[in-house]
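# Summary of structural features
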Amino acid sequence: MPSFLSQKDYLDRKELSAIQLERLQRIVRHAYEHSPFYTKAFDAMGLKPEDIRALDDIVKLPFTQKTDLRDNYPYGLNAVPRSEIVRLHASSGTTGKPIVVSYTRDDLETWSETAARCFLMGGVTPDDVAVISYGYSLFTGGMGAHQGMERVGATVIPQGGGNSEKLLMLIQDLQITVICCTPSFFVHLMEVAGKVGFDLKGSSLRHGFFGAEPWTDEMRRHIEEGTGIIAHDIFGLSEIMGPGVAGGCDAHAGLHIFEDHYYPEIVDPATGVALPPGEEGELVLTTLDKWAMPLLRYRTHDITRLHYEPCSCGRTLVRMDPIRRRSDDMLIIRGVNLFPSQVEALLLPIKGIVPHYELVVTRTGAMDDLEIRVEVTPELFGDQVSVLEALQKEISSKIKGMIGINARVSLVEPGAIARSDGKTRHVIDKRFNK
Ligand code: ADP
Ligand code: ZN
């Protein structure tokens with residue numbers, strides 16, 4: 001018998017659709033009446049909340065883009081008075097201003113609920129001891145996983161990111177059974193364990209919930225075989241809520257989206273036209289009951305497919321394929337979002353740099369490695385090594401200041417970077433087969 005929270009994973013489709021429609025109509029009205037951004041967008045289209053009579057009418061609603069959040073920074077998309085907002089988070093690594101997201105108390109409750117349902121789906125119980133090794137910061141990972149685990153009733157240890165050796169000690173001493181972190185950090189932890197002679201396989205650890213970045217079936221096998229734990233996928237994004245928008249079940253047949261709160265569609269990334277079930281395209285999400293910052297038809301840029309056929313685990317919630325790629329050029333490096341255009345904006349004003357560069361992303365062991373290859377002018381290239389080294393350092397520290405991660409900077413000779421007749425490829429991502 002599923003727990004009270006998980007019962008919503010098994011609703012009959014008709015019943016679920018009725019809940020979705022009622023919530024959609026309510027949130028559309030709320031957005032139209034209280035979010036100046038949507039009032040303007042609806043009025044420009046001649047659309048009224050009462051035009052949404054059926055779930056299929058969702059296609060009449062305007063899309064919301066990441067740029068809308070940036071342009072309306074920080075509170076322009078809010079639909080409640082400031083006094084009702086109890087938490088802010090921000091999305092990582094954007095130029096200058098981050099994307100700020102707001103939550104009411106009820107929003108936090110919904111977020112906790114869906115994160116909890118994700119952990120329950122993976123088999124976590126109040127008997128578990130869970131360590132949260134996502135960062136606790138503006139990033140939604142730490143707090144989101146924390147709240148969800150508390151909602152399940154597990155014992156929660158707010159360790160935060162990094163600090164692998166201490167984490168191993170805690171696993172041992174506190175008999176930790178569940179870990180939440182990025183998949184790449186966990187693989188790194190496995191390596192550290194190997195180095196210091198810590199036997200993860202013989203440890204108390206049973207489950208890992210890995211998300212915030214794409215990972216592969218090979219990585220799952222590597223983790224499961226190397227440690228004996230069960231590796232679960234957890235998906236989310238700050239704009240929609242945070243971790244726990246969708247999660248993997250035991251059937252390993254994709255991720256169930258908690259669609260009683262987050263309504264999914266798949267559209268053609270180029271045209272925005274809605275695609276039939278089963279076709280691959282861009283995931284678009286509508287928050288059905290997020291009050292502080294409702295988002296209608298948010299373009300995630302994540303590429304996937306939706307499957308409505310019943311899952312062998314018995315849940316009726318739609319499944320999406322794991323996210324392996326995006327329709328834009330956003331890179332996720334060690335959990336941090338980065339657009340090549342940010343690097344470009346930083347490089348171009350520097351004297352001696354020409355506008356030819358590429359970002360090469362590799363994975364050494366578990367850690368993502370970013371190399372920025374930049375061409376310099378012939379004059380500079382012929383200059384003394386010390387001048388080039390100083391320039392390299394300057395670029396590295398600017399990158400670190402902007403996105404908070406270390407990148408290797410290689411200054412290359414004029415003409416070294418391949419020219420293209422068409423769309424220039426600024427990114428060479430060697431981590432995944434695209
Ligand atoms: P968060 O701060 O919650 O990571 P961001 O907005 O910074 O949210 O990043 C969200 C993006 O991270 C998603 O749109 C997706 O591209 C990626 N992502 C999150 N979880 C996963 C996952 N489990 N698998 C693949 N990609 C993921
Ligand atoms: Zn399932």
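Below is a short write-up of the structure. Note that the structure is a prediction, hence the values are computed from the model and not measured.

## Quick notes on the layout of surface pockets
By volume, the second largest pocket is sized at about 410 Å³. Around the second largest pocket, the lining is made up of 19 residues, and of these Gly135, Phe139, Arg334, Gly335 and Val336 lie nearest the centre. Breaking the lining of the second largest pocket down by element, the ones donating at least two residues are β1 (85-91) and α7 (183-196). By residue class, the composition of the lining of the second largest pocket is 8 nonpolar, 10 polar and 1 charged. Taken together, domain 1 (6-328) and domain 2 (333-429) each give at least three residues to the lining of the second largest pocket, which thus spans both.

## Things to note about the packing of aromatic side chains
This model, assessed by the stated rule, comprises 7 aromatic pairs. Taking 5.0 Å as the distance between ring centres and 15° as the angle between the ring planes, the aromatic pair formed by Tyr103 and Trp111 counts as stacked. When its relative accessible area of 0% is taken as the criterion, Trp111 is described as buried. Both rings, one in Phe210 and one in Trp215, keep their centres 5.6 Å apart while their planes meet at 90°; by these two values the pair is edge-to-face. Here the two residues Phe210 and Trp215 agree in accessibility, since each one is buried. Put simply, the rings of Phe186, Phe210 and Trp215 pair up and form one aromatic cluster. Lying across the ring of Tyr75, Arg82 places its NZ or CZ 4.0 Å from the centre. One cation-aromatic arrangement involves Arg299 over Phe63; the distance from NZ or CZ to the ring centre is 4.6 Å.

## Quick word on the sheet that holds strand β10 (residues 262-267)
Taking strand neighbours across the sheet as the criterion, the 4 strands line up as β10-β11-β12-β15 in an open arrangement whose pairing is antiparallel. Because the sheet does not close on itself, it has two edges, and the strands there are β10 and β15 (325-326). Two elements, strand β12 (residues 298-304) and β15, share 2 bridges in a ladder whose sense is antiparallel. Looking at β15, one finds that Ile303 is bridged to Arg325.

What counts as what
Each chain carries its own residue numbering, running from 1 in the direction its sequence is written. For this description, chains carry letters from A and ligands carry numbers from 1, given in the order in which they are written. In keeping with the model being predicted, local features are shown solely for residues with a pLDDT of at least 70 and side-chain atom pairs are shown and tallied solely at 80 or more, while totals for entire chains, interfaces and linings include all residues. Side-chain numbers come from the whole structure's heavy atoms, not from hydrogens or water. In this analysis a 1.4 Å probe is tested at points of a 1 Å grid over the protein atoms alone, and where it fits but cannot get out there is a cavity; an open set with protein on both sides within 12 Å along at least five of seven lines is a pocket; lining residues have an atom within 4 Å of a point. Grid points are joined across faces, edges and corners, and a volume is the space filled by probe spheres set on the points. Helix and strand labels come from DSSP, where a helix needs a run of H or I of at least four residues and a strand needs a run of E of at least two; each type is numbered from the N terminus. Note on residue categories: nonpolar means Ala, Val, Leu, Ile, Met, Phe, Trp, Tyr, Cys or Pro, charged means Asp, Glu, Lys or Arg, and polar means any other residue, Gly included. A domain assignment, automatic or from a database, supplies the domain bounds used here. Here a pair means two rings of Phe, Tyr or Trp (six-membered ring of Trp) with centres within 6.5 Å. Their orientation is stacked below 30 degrees between planes, edge-to-face above 60, and tilted elsewhere. Classification of residues uses two cut-offs on accessible area relative to the type maximum, computed with a 1.4 Å probe and protein chains only: under 20% is buried, over 50% is exposed, and between them is partly exposed. Lysine NZ or arginine CZ positioned within 6 Å of the ring centre and within 35 degrees of the ring normal marks a charge as sitting over the ring. In this description, strands pair whenever DSSP reports at least two bridges between them.

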